[in-house]
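# A closer look at the structure
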Amino acid sequence: MVKSSLRVRGMSVRFKVPNGSVAAASDVSLDLGEGEVLALVGESGCGKSVVASGLLGLLPGNARVSGAAVLRGPEGEVELLGASQQELSTKVRGRRIGLVPQSAATHLHPVRTIRAQLAETISELGAELDVARAAARAHFPADHLDRYPHQLSGGLAQRAAIALALAGSAWLVLADEPTTGLDRALVHEIVDEFRRIADQGHAVLMVTHDLAAAERVADRVAVMYAGRIVEDSPAKAFYGGPAHPYARGLLNALPEREFRPIPGVPPQLSELPAGCAFQPRCVLATDLCTQLPEPTGEDHIVACHHAHA
Ligand SMILES: Nc1ncnc2c1ncn2[C@@H]1O[C@H](COP(=O)(O)OP(=O)(O)OP(=O)(O)O)[C@@H](O)[C@H]1O
Ligand code: NI
């Protein structure tokens, strides 16, 4: 049996705008295998959602995507970035990659019951499972299936969205900020659900601001800054002490750590400096940093001239 995997290499996204272009993602490389949860973290606007949407072919018309993202599995191999909308909609979205959208509750249909929405998605995908099983996959309680979204708690609405994302038995789950606005207990409940799904052999790419939630669930953490992955490491290594000064800054900004924000703001993606984009905010910066640092390492990848060994 072919193992499932996602291998993203050199993915870049440029948005054409009236006065030039926005470098929303640059040379992004990521790997996901069976059983893995990867957390993609970084400050607002760094390009996390653009990467996730780009993998699904859901970017607006002014986006230019380059690079490769190969999804492998028993169903065959598909290069997502070059695939046609037709192929993505008939073979990939919902079937091989399920999307759990940000603020799931607002993506549920407001005047249809969860049962009706699951039934419709299952029939659209031609999936061979019944509503009860689809609900059970996301631990959505069967006795709530006839409720409308507004009758559900935030946690159950999120579970309904996860059930919809999994209805087509997608191997890869893309979750964009799945826990934003939920209280701690619910955050734990939802990320534990992702853990459980991954443990069944699926893979989860979770875009998040919530480093504490990511610590609970992620096997790996990829840190993005100004459109680039600056560090990609096993979660243990990241939380034990990241190598990249930006990643260290992110972690130290947490209330339960030093509660010290990184001074300064990220650069405009329409006018990125040459070299390391973090350089203007970095205490370790030297002349060397005017040259772009190459990502180096195998299992623990860092792009910094002054990375901690
Ligand atoms: N259609 C578009 N045209 C031009 N620029 C865009 C477009 N969509 C997104 N961008 C820019 O791309 C950059 C990356 O956006 P993205 O939404 O991926 O950030 P993010 O890391 O997900 O942030 P957040 O954590 O706030 O969700 C932003 O600077 C944004 O302004
Ligand atoms: Ni986002």
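On a predicted model such as this, the values are computed, not experimentally measured, just so you know.

### Observations regarding the packing of helix α6 (residues 154–166) against helix α7 (residues 184–199)
Packing of α6 against α7 brings their axes to within 10 Å, and their N-to-C directions diverge by 15°. Taken together, the axes of α6 and α7 are roughly parallel relative to one another. Helix-helix and strand crossings are classified by hand; for α6 and α7 the assignment is right-handed. For the pair α6 and α7, the contacting residues are G154, G155, Q158, R159 and I162 in the first and L186, E189, I190 and E193 in the second. In terms of residue class, the contact of α6 with α7 is made up of 3 nonpolar, 3 polar and 3 charged.

### Some details on the sheet that holds strand β9 (residues 220–225)
Spatially, 7 strands are ordered β6-β7-β8-β3-β9-β10-β11 in an open sheet, and the strand pairing comes out mixed. Edge positions in the sheet fall to β6 (97–100) and β11 (301–302), since each of these pairs with one other strand and no more. Direction of pairing for strand β10 (residues 228–234) relative to β11: antiparallel, over a ladder of 2 bridges. Paired with E231 across the bridge in β11 is V302. The sheet strands contacting helix α10 (residues 245–252) are β3 (37–41), β9 and β10, and the helix crosses β9 at an angle near 105°.

### Quick notes on the sheet that holds strand β2 (residues 20–33)
Taking strand neighbours across the sheet as the criterion, the 4 strands line up as β2-β1-β4-β5 in an open arrangement whose pairing is antiparallel. Taken across any chain shown, the strands that pair with only one partner, and hence form the sheet edges, are β2 and β5 (78–79). Across 9 bridges, the pairing between strand β1 (residues 5–17) and strand β4 (residues 63–72) is antiparallel. Opposite L6, over in β4, you have L71 as the bridge partner. Set on the sheet, helix α1 (residues 48–55) makes contact with β1, β2 and β4; between it and β2 the angle comes to about 70°.

Rules used in this analysis
Residues numbered from 1 in each chain as written. Chains lettered and ligands numbered in written order. Predicted model: local features only at pLDDT ≥ 70, side-chain atom pairs only at ≥ 80, totals over all residues. Axes fitted to C-alpha atoms, helices over the stretch in contact; angles between N-to-C directions. Helix = DSSP H or I, 4+ residues; strand = E, 2+ residues; numbered from the N terminus. Parallel < 35°, antiparallel > 145°, perpendicular 65-115°, else oblique. Left-handed = near helix turned anticlockwise from the far one by under 90°. Contact = placed C-beta atoms within 7 Å. Nonpolar A, V, L, I, M, F, W, Y, C, P; charged D, E, K, R; others polar. Pairing = 2+ DSSP bridges.

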